[in-house]
Amino acid sequence: MQGEMIMRSINDFVQGAKIGAILILLACSASAQSGGGYIVTKSVVAGGGGTASGGTFTTDGTIGQPAAGTSSTGGSFTLQGGYWAGGTSVAKSIHSRADFDGDGKTDLSVFRPSDGNWYALKSGGGVLVTSWGAATDTTVPGDYDHDGKADMAVYRPSSGQWFILRSSDFTVNVVGWGAGGDVPTAGDFDGDGKADEAVYRPSAGQWFVFRSSDNGASIINWGNPTDVPVQSDYDGDGKTDVAVFRPSTGQWFLFRSTDGPLVAGWGIAGDKPVEADYDGDNKDDIAVYRPSDGNWYIFRSSDSSASIINWGNATDIPIPGDYDGDGKDDEAIYRDGTWFVLQSTAGVLVASWGAAGDIPIPARYIP
């Protein structure tokens, strides 16, 4: 019945206007859209109320006629509309690092090798304590199930296995992907909203990516034995890019999935790469933390300008993340159980969470 009504409406419109073929998608109205990523194909005819909410996302496409009575809420996002145009509109989820409750904010969280526990102070309220991993495992958090929440996951170097505890249904996924000497480099390389298991093999300068979209594999030659993998989304297309930082020269070699290769000189020997989206343009910025002077050197992708921010000392661990949920990553450091966060909107945050020897989870999103 609904399909018959839609076809009758289109036919009436065609007859009345005496126009040939028209492609149109009628979005029938008062239902709500919330949380995570979604795709709208072709134009949208506004039909009254409804809400788009939850998380941080971008809608870039055509919204036919001013969307009467609708509202878009939740997190930081950009809405770009057109007028009766065709094409495809894609809403891309932007996940904050170490966000275990899906509220768009990075949570204070640590992994304790001595007991294999994860301790997360959720910004939305409550504490999460889960035993997941062994002392020799490497933590590889990420959203592997596309529910907008970070999953607890570890990579076991001795066996090349990934052990993932999915937050959506608390099931376990075990994937064999890697070999001795590989560096785990999880990221969403295929742009489907799910983190992919991936490793960088320094001995060969190769990347091995297991794509979640089709369970296929990609092998990419990019780097040399002394390079540091710095995978991130540098061109803002929703896909993690293969990239390395060369400490000996301070050069960044990016293989961007949309914009192509880029070589940039940014840093010196001894610097730690801290790539993140500090300006909120949905592109990760090239940046380094210099332990010798406690400075952050950030090259902003939005306007190609530089920021130098003093925040930390020689023994601190840099832990950038979006702690205040404004869509911009904040400069932050972890010091033996104390967090010092320079929030871009909410000001300075100093909090105690963890103990000496703990590994801060946000640090696991960078080398």
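Scroll up to find the structure.
To start, this report covers the structure provided alongside it. Everything quoted here is computed from the prediction, not taken from an experiment.

Cut-offs applied
Residues numbered from 1 in each chain as written. Predicted model: local features only at pLDDT ≥ 70, side-chain atom pairs only at ≥ 80, totals over all residues. Heavy atoms only, no water. Salt bridge = Lys/Arg side-chain N within 4 Å of Asp/Glu carboxyl O. Helix = DSSP H or I, 4+ residues; strand = E, 2+ residues; numbered from the N terminus. Buried < 20%, exposed > 50% of the residue type's maximum accessible area, 1.4 Å probe, protein only. Core = buried A, V, L, I, M, F, W, Y, C linked by side-chain atoms within 4.5 Å. Pairing = 2+ DSSP bridges. Phe/Tyr/Trp six-rings, centres within 6.5 Å; stacked < 30°, edge-to-face > 60°. Lys NZ or Arg CZ within 6 Å of the ring centre and 35° of its normal.

### Some points on the pattern of salt bridges
A side chain with one charge may pair with a side chain of the opposite charge, provided their charged atoms come close. The full count for this structure, using the stated rule, is 9 salt bridges. Among the salt bridges present, the one from R112 reaches D358, with a minimum N-O distance of 2.8 Å. In this pair, R112 is assigned in strand β8 (residues 108-112) and D358 in the loop between β30 (347-352) and β31 (359-360), connecting sequence segments 246 residues apart. A relative accessible area of 22% places R112 in the partly exposed class.

### Focus: the nonpolar core
The biggest cluster of nonpolar side chains holds 13 residues, and the ones touching the most others in it are F100, W118, W132 and I361. Mapped by element, the contributors of at least two residues to this core are β9 (117-121), β12 (152-156) and β13 (161-165). Counting residues in hydrophobic clusters, the runner-up holds 12 residues, among them V110, A332, V341 and A363.

### Focus: the sheet that holds strand β22 (residues 260-265)
Picture the strands of a sheet paired through backbone hydrogen bonds; they go either parallel or antiparallel. A sheet is described by the order of its strands in space; here 4 strands give the open sequence β19-β20-β21-β22, paired in antiparallel fashion. The sheet is open, and its two edges are formed by β19 (228-229) and β22, each paired on a single side. Bridge analysis of strand β21 (residues 251-256) against β22 gives 6 bridges, and the strand direction is antiparallel. Pairing of R256 across the sheet is with G260, part of β22.

### What to know about the packing of aromatic side chains
For any pair of aromatic rings, geometry is given as the distance between the ring centres together with the angle between the planes. For the structure on display, the rule yields 13 aromatic pairs. Ring geometry for Y323 against W339: centres 6.4 Å apart, planes inclined by 70 degrees, an arrangement best described as edge-to-face. Residue Y323 is located in the loop between β27 (317-318) and β28 (331-335), and its partner W339 is located in strand β29 (residues 338-343); the two are separated by 16 residues in the primary sequence. According to the relative accessible area criterion, W339 is buried, its value standing at 0%. Every member of this aromatic cluster is reached through a ring pair, and the members are F100, F111 and W118. Its guanidinium or amino end placed over the ring of Y297, R290 lies 4.2 Å from that ring's centre, counting from NZ or CZ. Between R335 and the ring centre of F340, over which it is positioned, the NZ or CZ distance is 4.7 Å.

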